[in-house]
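Structural description and commentary
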Amino acid sequence: MRISLRLILIASVAACAPMLPEAPPVAPTPDAPAPAAPATVPSTAPAPVTPAPVVVDQAGFDGWKQGFLARHGGVRRAEYERQLAGLTPDPSVIRLDRNQPEFSRPAGAYVQSAASATRIAQGRARTDRVPWEVTQRFGVPTEILVSIWGNESAFGAIQGDYDVIRSLATLAYDGRRRDWAEGELKNALDIVVDGRRDRAGLKGSWAGAMGQTQFMPDAYLRLGVDQTGDGKVDIWGSDADALASAANLLARAGWKPGQTWGYEVTLPAGFDYAEAEGPRHAWREWARRGVALARGGAPNAAEALEEAVILLPQGARGPAFLALPNHYVIRRYNNSVSYALAIGLTADGIAGRPGLVATWPADAPLSRDQRLGAQRALTALGYDTQGVDGVVGANTRAALRRWQIAEGRLADGYLTADLADELIRRAN
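All chains use their own residue numbering, which begins from 1 and follows the written sequence. In view of the model being predicted, local features appear only for residues whose pLDDT reaches at least 70, and side-chain atom pairs are presented and counted only at 80 or more, with totals across whole chains, interfaces and linings using the full set of residues. Computation of side-chain values covers all heavy atoms of the structure but excludes hydrogens and water.

The next point concerns the sheet that holds strand β6 (residues 320-323). A pair of strands is treated as paired once DSSP finds two or more bridges between them. A helix here means a DSSP run of H or I that spans at least four residues, while a strand means a run of E at least two residues long, and both kinds are numbered starting from the N terminus. In spatial order, the strands read β4-β3-β6-β5; together these four strands make up an open sheet with antiparallel pairing. Of all the strands in the sheet, just β4 (292-293) and β5 (309-311) have a single pairing partner and so form its edges. Note: strand β3 (residues 262-266) against β6, four bridges, orientation antiparallel. Pairing of Gly-262 across the sheet is with Ala-323, part of β6.

Glancing now at the pattern of salt bridges. One speaks of a salt bridge when a side-chain nitrogen belonging to Lys or Arg is within 4 Å of a carboxyl oxygen belonging to Asp or Glu. On inspection of all chains with the given rule, the structure shows 23 salt bridges. Its salt-bridge partner being Arg-401, residue Glu-277 comes within 3.0 Å of it at the nearest N-O pair. One end of the pair, Glu-277, is in the loop between β3 and α14 (283-288); the other, Arg-401, is in helix α19 (residues 394-406), with 124 residues separating them in the sequence. In this scheme, a residue with accessible area under 20% of its type's maximum is buried, one over 50% is exposed, and one in between is partly exposed, where area comes from a 1.4 Å probe on protein chains only. Among the residues examined, Arg-401 registers a relative accessible area of 8% and is labelled buried.

Here we take up the nonpolar core. Grouped together as the largest cluster of nonpolar side chains are 80 residues, with contacts concentrated most on Leu-145, Ile-165, Leu-202 and Leu-250. Leaving out residues up to four positions away in the same chain, Leu-250 has contacts with Val-140, Ile-144, Leu-145, Ile-148, Trp-255, Val-329, Ile-330 and Tyr-333. We define a nonpolar core as any set of buried Ala, Val, Leu, Ile, Met, Phe, Trp, Tyr and Cys residues linked to one another through side-chain atoms lying within 4.5 Å. Contacts between residues were defined by any pair of non-hydrogen atoms, one from each residue, lying within 4.5 Å.

For the rest of this paragraph, the subject is the packing of aromatic side chains. Two rings from Phe, Tyr or Trp (for Trp, the six-membered ring) form a pair when their centres are within 6.5 Å of each other. A pair whose planes differ by under 30 degrees is stacked, one over 60 is edge-to-face, and the rest are tilted. Summed over the entire model, instances satisfying the criterion amount to ten aromatic pairs. Among the aromatic residues, those joined into a cluster by ring pairs are Phe-61, Trp-64, Phe-68 and Tyr-173. When the NZ atom of lysine or the CZ atom of arginine is within 6 Å of a ring's centre and also within 35 degrees of its normal, the charge is said to sit over that ring. A cation sits over an aromatic face here: Arg-289 above Trp-286, 5.7 Å from the ring centre.

Let us look at helix α13 (residues 239-252). By this rule, a helix spans an expected 1.5 Å times one less than how many residues it contains. Look at α13: 20 Å from first C-alpha to last across 14 residues, which is about the 20 Å you get at 1.5 Å a residue. Buried residues dominate α13, accounting for twelve of its 14 residues. Regarding α13, the residues found buried are Asp-239, Ala-240, Asp-241, Ala-242, Leu-243, Ala-244, Ser-245, Ala-246, Ala-247, Asn-248, Leu-249 and Leu-250. Backbone geometry just after α13 places Gly-254 at a positive phi near 110°.

Now for the packing of helix α18 (residues 368-380) against helix α20 (residues 417-427). For the pair α18 and α20, the least separation of the axes is 8 Å and the interaxial angle reads 50°. It follows from the interaxial angle that α18 and α20 lie oblique. Crossing geometry of α18 relative to α20 is assigned as left-handed. Counted together, Asp-369, Gln-370, Gly-373, Ala-374, Ala-377 and Leu-378 of α18 and Ala-417, Ala-420, Asp-421, Leu-423, Ile-424 and Ala-427 of α20 form the full contact between these two elements. The class makeup of the residues in the contact of α18 with α20 is eight nonpolar, two polar and two charged. Where helices are involved, their axes are fitted lines through C-alpha atoms of the stretch in contact, as for all axes, and angles between N-to-C directions lie from 0 to 180°. Here is the rule for angles: anything less than 35 degrees is roughly parallel, anything more than 145 is roughly antiparallel, 65 through 115 is roughly perpendicular, and the remaining ranges are oblique. A crossing counts as left-handed when the near helix is turned anticlockwise from the far one by less than a right angle, and as right-handed when that turn is clockwise. All residues other than Ala, Val, Leu, Ile, Met, Phe, Trp, Tyr, Cys, Pro, Asp, Glu, Lys and Arg, Gly among them, are scored as polar; the first ten of these are nonpolar and the last four charged.

Encoded structure:
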């Protein structure tokens, strides 16, 4: 979620956590269910790597806090200072920010976990929770809203119990995304100071995302909807308010009614994989180049006119997708290819559409050292990744494609653990 639909939504890169335990059975009332038990790691999963401990400097944090108050306090400085009094940074927030699963796990592992058969069945059982008025007003399909609801909070069961103000202050102090975090912190403080939500109730994810559909504070202030008409936007306790707010966000971000998010496709022999995440073409041009829908047929008339992109979320060996504009609208919620695919594929399942034809490769996850090392190596070799932050996003994939082209390799922009290790060796 992002400022002017810019930073509200990139913020959710950090905020969303699709790897959630199963939601409780559908309750006969709209009350928020009790928190579910923590998720367990499947016995087939690789053993988790224990991250290095995060050490924080209280004096440094206090110095940052005074700087924040000077930069953003204005006429509310005294009120902000009261809310920040005695605050300490949370080391777990820094650790989690550096190990976001949608950027470190292979896309297939992430998507299969998020868009599981269980999640889809749970979503189908909750489609009647989306008010008819919401879909009519905003034009966003029920299955998309339910998919976001399920992936963000297990349908309201797991909303996070972090102090939002402390989390955002910690992220701002840590500095990786300071400008964004300070802006969101100011918004969170305004929510409390204005009496929209008391401080004790301002709970959310480790990254400051709040409620059943995990809104950042800026999105809550600008896009929250009081669907129940009770005079407050309660995205924590009201299904209707949370779902209407999510629909408003997507509609304002440009959701195109009557169109899906994308299709699985097959690529012809000799396809130029360097075109992934590259040029946008209407369906007629992609079809002329030999691209076909994996299950046959063609996009509908409106979709066929849209400029679409080919995505290879797990490289040339994994499934390929034709990403339509609504895929990028979902990414305004969380700017991750894996996240947007998980939302779209879960929604397809809820709507009764068939699953993927291709299978996901069983690639190993990338460690933080491998992600950082590969970014440093590519930049040192002359292929700038536009920052070294451990997030394998579009800039890193584009840099990798340029290196692959220069090396005469298949340029799919997919960073495997072996390739990361090779890049690090070369740079050293």
